[in-house]
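# A look at the structure
Listed below, chain by chain, are the residues.
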Amino acid sequence: MTADGGLETVRAGALTTVQDLGRPGYAHLGVPRSGALDLTAHRLANLLVGNPESAATLETTLTGCAVRALAPTTAVVTGAPCPVAVDGRPAPWGQPVRLRAGAVLEAGAATHGVRSYLGFAGGVGADRVLGSRATDLLSGLGPAPLRDGAVLPLGAPAPGARAVPDAAPWRTPGPELVLPVGYGPRDDWFTAEGLRTLVTGIYRVSAASNRIGLRTEGPALARRREGELASEGMSLGAIQVPPEGRPVLFLADHPTTGGYPVIGVVPAAALGAAAQAAPGTAVRFTPVRSGSVSGAAGVPPPR
């Protein structure tokens, strides 16, 4: 159900998309899960405006966005901290604010992290595709990224719903992103030195990173096998190694198949931190014990 009014995009920012919990269960059709990259921030935004966690939010990238409320509503900004303003006047980050009809809510550039989340009472009411309102940049499913002047509907708030008054907790990203990793399923394509390099080398987040994957800059991983394998299934959190040897960590809009070897897998619980790692952030992969990463082969001793 959609409420009267909605949101008019005043400033779309570098990349602002509609996101929810995604559309799991369609990998066999070539459709990735998609959904919010920082699920904790997305869920928190919905909690603070009285929505179920499945309601859609707006996910911004680095430069934020600004929207005009076409009817009275309650909104909140979570995720990457940023200056928040209503009609040009400072407003609290991480706390619900009431917007009158015509008021402009602006989330400014992120001061820490990458992605902020704008939640609205009732949720963003874009059309569902395969059960989700999420924008998938790889497949093109879901609503298009916001453009200046675009109008989005809002859903009707649940009867009796009310905002939670507490402020949003936030752990400021540090200078280094530490990601747990379990080796496999194609770690046998790499030399013992290549396996050691993955967990001892220092990488940095590349500016070429996006919702599909976090690309890294740093030491190449030496391989024991040349060529590429037949295309096979790819999971969320897979670390794929293209021919140049630098790890790529697959995020929510990742392809469902690929032909480059996957040296390891990062648990889904660690991917929210990866979503908030700005370009240039140091990245270190640390081994986890066998069996603690779903879909990974564990951590064998370097061969």
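Structure first, text after, so check above.
Here is a short report on the structure shown in this document.

About the criteria used
- Residues numbered from 1 in each chain as written.
- Predicted model: local features only at pLDDT ≥ 70, side-chain atom pairs only at ≥ 80, totals over all residues.
- Heavy atoms only, no water.
- Core = buried A, V, L, I, M, F, W, Y, C linked by side-chain atoms within 4.5 Å.
- Buried < 20%, exposed > 50% of the residue type's maximum accessible area, 1.4 Å probe, protein only.
- Helix = DSSP H or I, 4+ residues; strand = E, 2+ residues; numbered from the N terminus.
- Phe/Tyr/Trp six-rings, centres within 6.5 Å; stacked < 30°, edge-to-face > 60°.
- Pairing = 2+ DSSP bridges.
- Lys, Arg positive; Asp, Glu negative; His and termini not counted.
- Salt bridge = Lys/Arg side-chain N within 4 Å of Asp/Glu carboxyl O.
- Polar contact = N/O pair within 3.5 Å; in protein donor to acceptor, adjacent residues only side chain to side chain.
- Contact = heavy atoms within 4.5 Å.
- Axes fitted to C-alpha atoms, helices over the stretch in contact; angles between N-to-C directions.

Bringing the nonpolar core into the picture now. In terms of nonpolar packing, the biggest core is built from 32 residues, with Leu179, Leu214, Leu249, Ile263, Val266 and Phe285 touching the most fellow members. Going through the elements one at a time, strand S12 (176-183), helix H2 (192-200), strand S13 (203-205), helix H3 (271-275) and strand S20 (282-287) are the ones with two or more residues in this core. Among the elements that line this core, the one with the most residues is S12, at four residues. Listed in part, the 26 residues of the second largest apolar core include Ala12, Ala56, Leu58 and Ala69.

The next thing to look at is the packing of aromatic side chains. Pairs of aromatic rings are described using the distance from one ring centre to the other and the angle between the two planes. On inspection of all chains with the given rule, the structure shows one aromatic pair. With 6.1 Å between their ring centres and 70° between their planes, Tyr203 and Phe285 make a pair best called edge-to-face. Within this pair, whereas Tyr203 is found in strand S13, its partner Phe285 is found in strand S20, the two being separated by 82 residues in sequence. In this pair, the class of Tyr203 matches that of Phe285, namely buried.

Okay, the pairing of strand S9 (residues 104-107) next. Within a regular beta strand, the side chains point alternately toward one face of the sheet and then the other, so they alternate between its two faces. Relative to S9, strand S4 (residues 65-69) is paired through four bridges, and the arrangement is antiparallel. The residue bridging Val67 from the neighbouring strand is Leu105, located in S9. Taken together, the three bridges between strand S6 (residues 84-86) and S9 define a ladder with antiparallel strand orientation. From the neighbouring strand, Ala85 faces S9, where its bridge partner is Glu106.

Another aspect to go through is the sheet that holds S6. Sheet architecture is open: six strands sit in the order S7-S6-S9-S4-S1-S11, paired in antiparallel fashion. Where the open sheet ends on each side, the last strands, each with one partner, are strand S7 (89-91) and strand S11 (151-152).

What follows deals with the side chain of Asp136. For Asp136, the location among the structural elements is in the loop between strand S10 (116-120) and S11. Within the buried core, Asp136 has no salt-bridge partner, and the shortest N-O distance to an opposite charge, that of Arg23, equals 4.7 Å. Among the polar contacts listed, one links the side chain of Asp136 to the side chain of Ser139, at a separation of 2.8 Å. Not counting residues within four places of it along the chain, the set of residues in contact with Asp136 comprises Arg23, Pro32, Ser34, Leu141 and Asp253.

Bringing helix H1 (residues 39-48) into the picture now. Every buried residue of H1 is accounted for by Ala41, His42, Leu44, Ala45, Asn46 and Leu48. Packed against the buried residues of H1 are strand S2 (17-19), strand S3 (57-59), strand S5 (73-79) and S10. Looking at the residues trailing H1, positive phi occurs at Gly50, about 80°.

Around the barrel, seven strands lie side by side as S12-S19-S16-S17-S14-S13-S20; this closed barrel has mixed pairing. For this sheet, the mean angle separating the axes of adjacent strands, direction not counted, is 40°. Where S12 lies against strand S19 (residues 262-265), two bridges are found, and the strand directions are antiparallel. When the sheet's bridge partners are listed, Gly182 is paired in S19 with Val265. Where H2 meets the sheet, its contacts fall on S12, S13, S19 and S20, and the angle it forms with S12 comes to roughly 145°.

Our next topic: the pattern of salt bridges. Two side chains of opposite charge can pair, provided their charged atoms sit close to one another. Applying the stated criterion across every chain, the model contains 11 salt bridges. Note that Glu59 is salt-bridged to Arg211, the shortest N-O span being 2.8 Å. Of this pair, Glu59 sits in strand S3 while Arg211 sits in the loop between S13 and strand S14 (213-217), and the two are 152 residues apart along the sequence. Each member of the pair, Glu59 as well as Arg211, is classed as buried.

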